[in-house]
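Each chain, letter by letter, is given below.
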Amino acid sequence: MTEDKENVLQPQRKNSGKGARARRRGSVPAGAGGAKEGEGETGKPRRLAGIRPRISIEELRNAYKRQASTPQEEILPMFDPMAKAQESKGVTRGRTGLVYDERMAEHRCLWDANYPECPERLTHTLERCRQLGLIERCEPILPRTATEDEILKSHSRSHLYLLWSTKDEKNKEKLENISSHFDSIYIHPETYDLALLAAGSTVDLVDAIMAGKIQNGMALIRPPGHHAMKTEFCGYCFFNNVALAAQVALEKHKLSRILIVDWDVHHGQGTQQMFYEDPRVLYFSIHRYENGTFWPELRESDYDNVGAGRGRGFNFNVPLNKTQMKNEDYLAVLHQVLLPVAYEFNPELVIVSAGYDAAVGCPEFDPELVLVSSGYDAAVGDEKGEMEITPAFYAHLTSSLMALANGRVAVIFEGGYCLESLAEGAALTLSALLGDPCPKLLDPILKPSLSMCESLLNLIYVQRPYWKCFQYQGSFSVHEKTNGDTGERHIPTLSYLGNATKPLQYETRNCYPVQSEEVKEKIRLQLARLKQDKPPQMFENNRLCLVYDEAMSNHHSLSEKEHPERPERTERIWKSLKQFGIIERATILQSRYATQQELELIHTQEHVNLMTSTSALSEKELLNMQDNYKSIYLHPKSNEAALLAAGSLLQVIDDVCNNKSLSGIGVIRPPGHHAEQDHPHGFCLYNNVAIAAKYAITHHGCERVLILDWDVHHGNGVQHAFVADPKVLYISIHRYDHGLFFPSSEDANYDQVGSGEGEGYTVNIPWNKSGMGDAEYMSAMLQVVMPIAYQYDPQLVLVSAGFDAARGDPLGGCRVTPECYGHMTRLLSSLAGGRMVLALEGGYNLSSISYCMTMCAKALLGDPLPSLESGLVPNKNAVQSISDTIRTHKKYWTALSFQVDLPVEDVLCQGFGGGAQPVESGASGSEVSSTNVSPVSTPSTASPPYVSAPSSPDKTWKNGNCMENGASPQLECSSERTKFDSDKMNIDVTPIPELQRSVRSRVKSEKAASASVAEQRDVKAGGMQKQFGSEGSSRMSRRKVGDQGGSGENANHTSTPIRPSRPVKNVGLMLRAAASCAGIVKGATAIVSNENTCDACYKATTLDSGSINGILKQCKELKLLHACTIIEPRPASEEEILSVHTRETLEGHVQKGTCSKSPCSGDPALSAAGSFVELISEVVQGNVLNGLALVQVSDHTSSGNQKISNNYIDNLAVGTQYALDTIGLQRVLIVNWNAQNGYNTQNLFYSDPRVLMFSVNLTDDQSATKGSVDRRGENKGLGYTFDLSLNRDSQSKNFTQGDYLTILHQVILPVAYEFCPELVLLAIGNDLVHQSPAVSPLIYSHITQMLMPLAQGHLAVMLEVGNAKEITKDIATATLSALLDKAVELLPVIYENTSEVQDSVVNMINVQAATWKSLKQHAQNSCINTKKQANASSTLLCDEQQIIAKAFGCATIPTHTLCLAYDEGMMEHFSYDDETHPERPERISCIFQRLQEFGIVGRCHQVKTRLASAAELETVHSPKHIKFMSSLHSKKPKELQGMQNSFESIFFHRQSNNAALLASGSLLEVVNSVLRGESRRGLAVIRPPGHHAEKNVPCGFCIYNNVAVAAKHAIGAHGLSRVLIVDWDVHHGNGIQHMFEDDPQVLYVSIHRYDNGMFFPGSPDANYNRAGTKKGKGYNVNIPWNKGGMGDGDYMAAMAEVILPIAYQFNPELVLVSAGFDAAVGDPLGGCRVSPECYGHMTKLLSCLAGGRVIIALEGGYNLNSISYCMTMCAKALLGDPLIPLSQGLAACPSACETLSNVVSVHQKFWSALDLKSKGMSPSSRKSKKTTKQSPSVDLVHRSPETPDGKTGLDELTSTLSQMSLGKEGKGAKSMEVVDVKMEEEDGAVGGTCATSDEGLNTFLLTELSGAESMYAVVPLQWCPHLESVNPVPNNSLDAFSPCEECKDLAENWVCLTCYKVMCGRFVNEHMLMHGVTQEHYMVLSYADLSVWCYSCDSYIHHEILQEAKRAAHISKFGEDIPGS
């Protein structure tokens, strides 16, 4: 379609990375895909996307010219989308087979003449078929008896022989007695033979269908079969006819997909059982159930029985829980479940168990064969079924199924007991099989019953883990707060009220319902109305009429021969119809001209006159005239052709409406649906279809006309013509592209519904992207078109049949196949009695449109259609569009009642839940072979670029126990929470369509798609890990979020397996642990005390009683105690004491009691030990999350100075031994901060590697102090004991809080995270505080808080109570507050660390570095003495800080733990021109969805979002910037495109400013909520991000600097004086740094990739030496990583060793986190590997600061799966939930260690917390200050000496290259010498160590790199594992001046040492980089400096193997050999 040139967008650059420097490895080469390199206004090179915009008419003309000029034989055959259509040539409708034998009427009940299963069922049915003339039209199939072998395929031999034994038996009593042993059975002497006859006839019918002898067929047989089981007769059935036939089809005809549809009102349990584990058979049953009270009263008949083993997901039960179900209820089953699943399954055969007992009066799977168990007991009048299905409806069901399996449908007669209704239903079924039009449904279609809605939603809930077609129900968490509105939600429940007990004998007489005469009369009257009064009109020879006239070809363009709307369109279609024999079988009508009166039914007289005048105009006048209209050309013959087109279509209308033909096709042009009432438009002159509809209404009396417009362009003219007319229902399926696709009008959107009386009669289904195919169109038909159409009940169907959505069309850009158009036509043919007319509209690929129209014609003729592809699943963009349409129209059309939300939890406790299956966002779901995994398709090699949950039910899944969630089912549920098997957890990322309204879907790149295949494969792997406290087998959910585990903060806690100890690169594996913790929420906190257990003994053995009671009283006053679980104390058992102590010690305590009890439970020592053991037991078993034990022990004096007596019981050791021996833990962390010498405990575990023990002791023994660090353990326990003894003399009484925090940050936390404990035991007392006046009792709350992230929160604290009551009370309340996750007061910090602690920490790091990698690669390894500068934070006096802390700590207790900000309005900001842009709207919607799935949203206080004001923004931004952003909303897309090119990595949308204002304003509301005391913490899910935005310009996806605005707001509006900003986005937050670099009120800390200045934003301001300016010096801390791949160990090291020490010293009042998650695993831009749980741990550690006032604000992160889990883990941390343990063996890599060392060296002068170097590290840890002489303007950067295996590199680096001088004497070489260099200290750049290699190690000095701005000092590795890939130099020579083989560039080239190809480096076009990655040729040599690089090891390499290549290159470059070689 010709486009408005002003709106045509030009090809855009692709912002897939942040700036030009952020090119990813493996990115598309320049120029690929039609893309070109261009220059932006900034002069930086920009890559242009290879994505075509909307095609212009000029491009289209050129395409046609090329097509016309290319000889046919030169066109190479590739994939042919028309192949199926071509193969269908000659395939016409076959005959319908019928098998019956009137002998079957001999089977009857001998003792009850009124038995419902009577001979008349068959005879009445045959008689009715004869009356309607049906039998003679069928191909007879001779009946035969089944053979014994055939019967034994499904039944046992004993089963067969038992029935054989009754043959010819004359004794009625014996026959009745045998019958009484089976349910609802009577046996006749002829039953055996007749049952064999029925079975054999069914088998032969199916065999004839599969052999192609007949098209389809019906078996009118009895006795029925679908209740018969393998060894049991049941329900009138003896042999299972359908199962036997299906088994023969599977074995004889090798079918792999059979669909069995059982519509009998009784469940066919026999058929279900036989195929329950067979994925080759999809069994679908619609039956009456009534919660198990209706026969057969089986629990297995309910919807949750979905199959087993590999057949799981292939069994569908639709249980009807009420009677009187009507046509609309069964239609809902058909459209919502049966057809979507059938098309996804793609059967090869359909078998129908056709019971007619649901009729009036009766009491995603694409198959190869369809079998129908056709019971008619649901029909009107059936006394057994008691349903009200009209007989005519069975014809509609049958007709819908005939489109499947190439028309191979077998209908098998089953039940039905109202003879009139049964006969009518069966006869109309046979009529449908014969191809007769579906009879009209006389009763109106109303809203499906509530019971049916519930049944279908229940079924969808349990089946959507297996079938991707169920995309139209959203998801919610049952833990969310709903404010009482649950109208759009449905929670499935189970209820079984049946009697499962089988009697010994069954009744054989009067065991059936009997209708009264009154009811029978009512039924007779109803059936008389419904019964066909005459045989159906057969239309044998006049099913289709056609019209065509060659004169319409006279209309063509005068100026453009290749115009797409050209005469050949109709000519080719007519030719194709002739080739396929369609014309011979159709009635050809005479064309005619439309009259003016007919035209004026739609058009104005002026328009008709204008068009008439064109025939008299000259060609020049016509050319001038056509320019006045959009996409119109005119010819002198145009009006004549248009009149002929409109008139010819009216001829078809006349023929169809006069019943001369059943249907018709108008092969006409010009098209018409764009033509408006008063002007031509879009190739259209007169609106043919609109005229035809109006003509049918006025001339033929039609009251209801349906127009379906499937042209890819919206039919604006038709819509406008009938916008207010209820007589016309207009439905359009078209591309919209958010209003950018022709005709580019908002009238085409889904919210346009008509007006006035026509409101609701306009239905638009707008696609918002290209690529839609069969899956999307079929989904639109089944979800929207057919339900509405059936309810509308049209009298005529008109189709605006444009085929420009077909594959290959140059304008449409879609992928619909010809056969899909045929299937849509077949579905529509069931409407209006088959009266249907197609009129050609658009379609511009001549081959496509000819085949498409031919398939439609074949569908109208009743020919079998080619099957569509298996696994049809719409993409998520289409799902969104369809959902929008349903949501808009469900108030007009009650058939659209199924778009409700279903729970993500497993509310049925059977492994269901988890939300809809993820679907592809880009390619059409039709491309299933390359984009989707379905139950019947092989997983492809191009899966979506996220971890997709496989929908295949080929696995047997273990089910899980139910959790208590308020929605537990009524059946088989327990209160135990679900345990997760995280190793088999499936992870989904796709956001719920409901969360993505009005947003463009994004397509994923092919590279990302293929890269995720391994992830998807790996995520399925893995085993189950045993969990604490689990009983029996753990039950597991199939999906990522099956269980929430309770809703309150004190819900039970469940352990989760630890992630693998070695880092894994697989994204799916690394997200697995996060996915598994959905149900893990904060558990209870326990408290236990041993006071007052026995007053007599207690007072006799304790110096001071009442200490514990005083503590408990204070805890109660502070409202802490009521939140705890109280554990009763108990004495330790003999076994527990003897595991640690001698029997002498035990007996001493047994005898000590004074109450004559032996042993005495009141002994304080015994009860102390037992109480602590009981607490540990409760914690480990998961009954509580953590707890505090208050114990009073004998001989424990107030001062703590008294020597420990011999009979002292070591509570800590007893508890630890219990955890190891009784519970079986393998890793226990003990932190003994009791100040008592813990040698007893140390000695017990001194050689045990299962126990890691830290002791902080105060001692008077100086020798003990000096030797304490050497107490490291022994044997296997060497290195597992840390003893830090501090000298308690008068001089050292001033130990500070800074001392203890330093020990915690620098030693305990790094080692503890590397150890990864399963349990943490913390022993505390009052001595540390009592002995050190500068230490506050609050120190214990912070120690506790920082240990809580470990061991998944399993923390047991023991407080040994002395007599220092007041201090002990404060310690206890502070510790308990931390355990309860209550607000903790700010900690006053004096951070001038004592030299003794500094020395001890440094010595301990040195001594233990051999054991612990985290200490070997520690940030303090390069500490040097530096004079400390004054810092405001460190000069505060203790008293001042105490005042500040108390003032802030006394605030009102917050009402909410966490507040949340989220608004879908922020999703309106997206890129017009780059659909793959990483900063896309789904980023926040997927996060919000994940928060919902984890039940977090319901636990949060959602703040009201708002727009930020200009005044608020002006605190950090200039008015000019704000004004510029405000102007965007008035700009056109093309203008915005030009504007965005002026900025770095920015895109603009009209709604960009509004979204940015909403992001900033929402974050401000979170700040307000936290600082006003409403909430403790905050979470802002906002976009666009902000931390790159500068004062005057947007930058790096960021518009306004959200976090900076929030910090200023906290300072200005709330009066704060210290705000900490932690920015962990992988990109440096340049904007925030620049805004606060001179402000001491804001401490900015950033962890980011720097890559020596080469990572975005590519500024030296991001380096570690930028520490702030002026008063802000020291308040800017950059932690720059210089390589990719950083993970949990690196980030946790930065947090513990740098950030927390500085932050505690700064003592912030608020913590803001710029939470970018682009360092997360799987992120396409970050290139790092941080796990979601690591973000949770960092959040938890930060929440120890600022009284817990922490706010997380989203910044970057571009892998939807990763960021959703990352933010969820942060939210769980803020809510106080236990955290998943990180990997064991966690430590920083050498490169990270170097970075942290550099940061420490710069900032230790500002922050004394980092200065531990009073005495010095060991010489081996020193770093050299040697480097190279350089110009002052060049930075000197040292590259990390990391070895390939990730181990430390210093001891493996080469030391053999000291004499190497590259080209020292050669041409062009520069002379270099090694000198000492000292960095300049300037404002903003602080001196520090730069080159950190050891003295004597050598460096390569690399310069002259094209595009490089720095000189690099690098230390090469002397070996790497890829040296073996180096091949000999070809011909012993190289050409160092060779150009790049790809781009011919000479600037910077490398040669591959494997294949010796020459390509350019990363500063040019990255061709060598891509070659290395794709070919796995990792070793390359630079022709610039002759260095060798390994891409895999990410390092320079030097080895003798490389000398040959280096010499050859040197000779080529300089003409001589390397000097000295």
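Scroll up to find the structure this text is about.
The shown structure was predicted, so the numbers you read here are calculated from the model rather than taken from an experiment. (Residues numbered from 1 in each chain as written. Predicted model: local features only at pLDDT ≥ 70, side-chain atom pairs only at ≥ 80, totals over all residues. Heavy atoms only, no water.)

**Student:** Got a minute to help me understand the sheet that holds strand β47 (residues 1995-1997) in this structure?
**Tutor:** Two orientations exist for strands paired in a sheet by backbone hydrogen bonds: parallel and antiparallel. The antiparallel open sheet is built from five strands, whose spatial order is β44-β43-β45-β46-β47. With one partner strand each, in any of the chains shown, β44 (1958-1960) and β47 form the two edges of the open sheet. Taking each pair of neighbouring strands and ignoring which way they run, the sheet shows an average axis angle of 40°. As defined by bridge partners, strand β43 (residues 1949-1952) adjoins strand β45 (residues 1979-1982) across three bridges and the pair is classed as antiparallel. Counterpart to C1952 in the pairing with β45 is V1980. Helix-sheet contacts for helix α57 (residues 1967-1975) involve β43, β44 and β45, and the interaxial angle to β44 is about 120°. (Pairing = 2+ DSSP bridges. Helix = DSSP H or I, 4+ residues; strand = E, 2+ residues; numbered from the N terminus. Axes fitted to C-alpha atoms, helices over the stretch in contact; angles between N-to-C directions. Contact = heavy atoms within 4.5 Å.)

**Student:** Honestly, the nonpolar core in this entry has me stumped. Any pointers?
**Tutor:** Soluble, globular proteins show a tendency: their nonpolar side chains are buried together. If you look at the biggest cluster of nonpolar residues, it comprises 208 residues, and the most contacted ones within it are W1233, W1624 and I1679. Element by element, the count of residues in this core is highest for helix α53 (residues 1688-1706), at 13 residues. Other than its neighbours up to four places away in sequence, I1679 contacts V1645, S1646, I1647, H1648, A1694, V1698, I1699, T1795, L1796 and V1799. Core analysis: the second largest hydrophobic core is formed by 188 residues, I209, L255, L282 and V799 among them. (Core = buried A, V, L, I, M, F, W, Y, C linked by side-chain atoms within 4.5 Å. Buried < 20%, exposed > 50% of the residue type's maximum accessible area, 1.4 Å probe, protein only.)

**Student:** Honestly, the sheet that holds strand β19 (residues 796-801) in this entry has me stumped. Any pointers?
**Tutor:** Pairing is parallel in the open sheet, where eight strands are placed in the order β14-β13-β15-β20-β19-β16-β17-β18. Since the sheet does not close on itself, it has two edges, and those belong to β14 (587-588) and β18 (762-767), each with one partner. Relative to strand β15 (residues 663-666), strand β13 (residues 544-547) runs parallel, the two sharing four bridges. When the sheet's bridge partners are listed, L546 is paired in β15 with I665. Against the sheet, helix α20 (residues 638-657) touches β13, β15, β19 and β20 (836-840), its axis set at about 170° to β20. Docked against the sheet, helix α21 (residues 688-700) engages β16 (705-709), β17 (728-735), β19 and β20, running at close to 170° with respect to β19.

**Student:** When you look at the packing of helix α10 (residues 327-345) against helix α11 (residues 391-401) in this model, what are you seeing that I'm missing?
**Tutor:** Helix-helix packing: each pair is described by the crossing angle between the helix axes and the interaxial distance. In the contact formed by α10 and α11, the axes pass within 11 Å of each other and the chain directions differ by 10°. Classed by the angle they form, the pair α10 and α11 counts as roughly parallel. Where α10 approaches α11, its residues N327, Y330, L331, L334, L338 and L339 are matched on the opposing element by F393, L397, S400 and L401. Among the residues making up the contact of α10 with α11, the classes are represented as eight nonpolar, two polar and no charged. (Parallel < 35°, antiparallel > 145°, perpendicular 65-115°, else oblique. Nonpolar A, V, L, I, M, F, W, Y, C, P; charged D, E, K, R; others polar.)

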